[in-house]
Amino acid sequence: MSGAREAIRHGAPHEAELALRSGMPTIPIGEQHAASILLAEVLQELGRWGESLLILREEAHEGDDDMQARSYLRMVLADTHLGTLDQRHLEPLRGNLCRLIREGQTIPTRALAALAASSTDLMRYAEYRDRIFEALPSSPPPDASTEETVQFILAAAKVKYYSGDTDSSLRDTTYALELLAKERVSSSLAVKTHAGIGAILCADGEYHEARIAFATNFAMAQKIDNKDLASRAAGNVAVCDYYLLNLQGLQEWGQRALALCENPASYTYLQAESLLARGNALVGDRGNAAKHLQRFTPPPRADWPDWMQQAAWLAAADVYLLLGRIDDAARMARLGTSGEFEGLLSMGYCGRYSRWVATLARTAGLQAEALSRLRQLELSKCDADDRVEAF
């Protein structure tokens, strides 16, 4: 099993999978559960979340308490990436994840809990972020491995990122990347760390630099054959191209993201389709704009969490506006800003939300009410372009 771990560390997950599957019959019975959990980790390195989840569910009640905790945390990571954790599932996770960060029996388990906790959609809620930050150690344990140290650092950096402290988040994430580079770690953890650099640069409006980071991130994900991470990276390059008005690049990277995306319930899918719809609308290609638009508009998807559905309504409103279909744009915007979607569900699109709330209010003569709603938003935590739109 040590050989498989080294293969993961150095960006060779296929070798790790081959070693584990071929060696499984010779592994002593007492170590087979640990080997199965390691195989699930290898599959997650490859972005094969569904396969890993099947193994983890079979092994859920095997092994000692610490091994069961790691199996549980790997299941949380799989469900998060598959998009199968909705609000009903997220609520019970709060206490479990924070408890395992503080009280997990071993450092690897506590570090994995930090990684899992910072990967869920709960990070979008200030109360939960505060609880994670309180549970995290003030500094990683001195006897933690490089990867475990980075997992703790990235969890804290994500809290700071979602709280709007991008300067501290960038410092922490850059330091984590340096630690991984020093030890020549090229696993999915290194890929995700590099993606974090791009995300923070995007939040600060540094789209050219972010594009470079995400393009590098894409190459790293391709190297370890992780289609999930490669698809996300391609989608993020397309986002940068959109803001840089590089419409040809947007088309190329958006299509690349879709080609690699194996989960239509993921935000990567929604992001790529909405970007391609907007890009085609901007160049006057109404047919292709409509084609991509139809792939993420009504009826609502039962497998999307509420915040993704709100993002879809608002993205559709923008596309319809670019196509000159004003009534349809207003209809989509009302769906995304009223009823159960009246409040902003993710800071990731606060500018678009704010713009449509203001536009609809102006049309209805309800400016004072809209201003009151918008003043409740934490605009300092928005991306740079969103802050401009919101103001």
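Relevant structure appears above.
Residues numbered from 1 in each chain as written. Predicted model: local features only at pLDDT ≥ 70, side-chain atom pairs only at ≥ 80, totals over all residues. Heavy atoms only, no water.

Thoughts on the packing of helix H5 (residues 65-82) against helix H7 (residues 107-117)
Look at H5 against H7: their axes get within 10 Å of each other, and the N-to-C directions meet at 20°. If you check the angle between H5 and H7, you find them roughly parallel. Between H5 and H7 lies a crossing whose hand is left-handed. On H7, the residues touching Asp66, Ala69, Arg70, Leu73, Arg74, Val76 and Leu77 of H5 are Pro108, Thr109, Leu112, Ala113, Leu115 and Ala116. Split by residue class, the contact of H5 with H7 holds nine nonpolar, one polar and three charged. (Axes fitted to C-alpha atoms, helices over the stretch in contact; angles between N-to-C directions. Helix = DSSP H or I, 4+ residues; strand = E, 2+ residues; numbered from the N terminus. Parallel < 35°, antiparallel > 145°, perpendicular 65-115°, else oblique. Left-handed = near helix turned anticlockwise from the far one by under 90°. Contact = heavy atoms within 4.5 Å. Nonpolar A, V, L, I, M, F, W, Y, C, P; charged D, E, K, R; others polar.)

Let's talk about the packing of aromatic side chains
Enumeration over the complete set of coordinates arrives at five aromatic pairs. On the basis of an interplanar angle of 20° and a centroid distance of 4.6 Å, the ring pair of tyrosine 207 and tyrosine 243 is categorised as stacked. Placement of the pair is tyrosine 207 in helix H12 (residues 207-223) and tyrosine 243 in helix H13 (residues 227-243), with a sequence separation of 36 residues. Given a relative accessible area of 32%, tyrosine 243 falls into the partly exposed group. Positioned over the ring face of tryptophan 253 is arginine 256, at 4.2 Å from the centre of the ring. (Phe/Tyr/Trp six-rings, centres within 6.5 Å; stacked < 30°, edge-to-face > 60°. Buried < 20%, exposed > 50% of the residue type's maximum accessible area, 1.4 Å probe, protein only. Lys NZ or Arg CZ within 6 Å of the ring centre and 35° of its normal.)

A word on a nonpolar patch on the surface
Together, Leu282, Val283 and Leu322 make up an exposed nonpolar region whose accessible area comes to about 250 Å². Assessed through its relative accessible area of 40%, leucine 282 is described here as partly exposed. (Patch = residues over 30% accessible without salt bridge, like charges linked within 9 Å, V, L, I, M, F, W, Y side chains within 5 Å. Areas by Shrake-Rupley, 256 points an atom, 1.4 Å probe, with all protein chains shown as cover. Salt bridge = Lys/Arg side-chain N within 4 Å of Asp/Glu carboxyl O.)

Examining the pattern of salt bridges
Following the criterion strictly, the structure yields 17 salt bridges and no others. With a closest N to O distance of 3.0 Å, glutamate 17 and arginine 21 form a salt bridge. Pair noted here: glutamate 17 and arginine 21 are both in helix H2 (residues 13-23), with a separation of four residues, about one helical turn. Judged by its relative accessible area of 11%, glutamate 17 falls in the buried class.

Comments concerning helix H1 (residues 2-9)
Of the residues making up H1, those classed as buried are Ala4, Ala7, Ile8 and Arg9. Note on H1: the residue one or two positions beyond its end, glycine 11, has a positive phi of about 75°.

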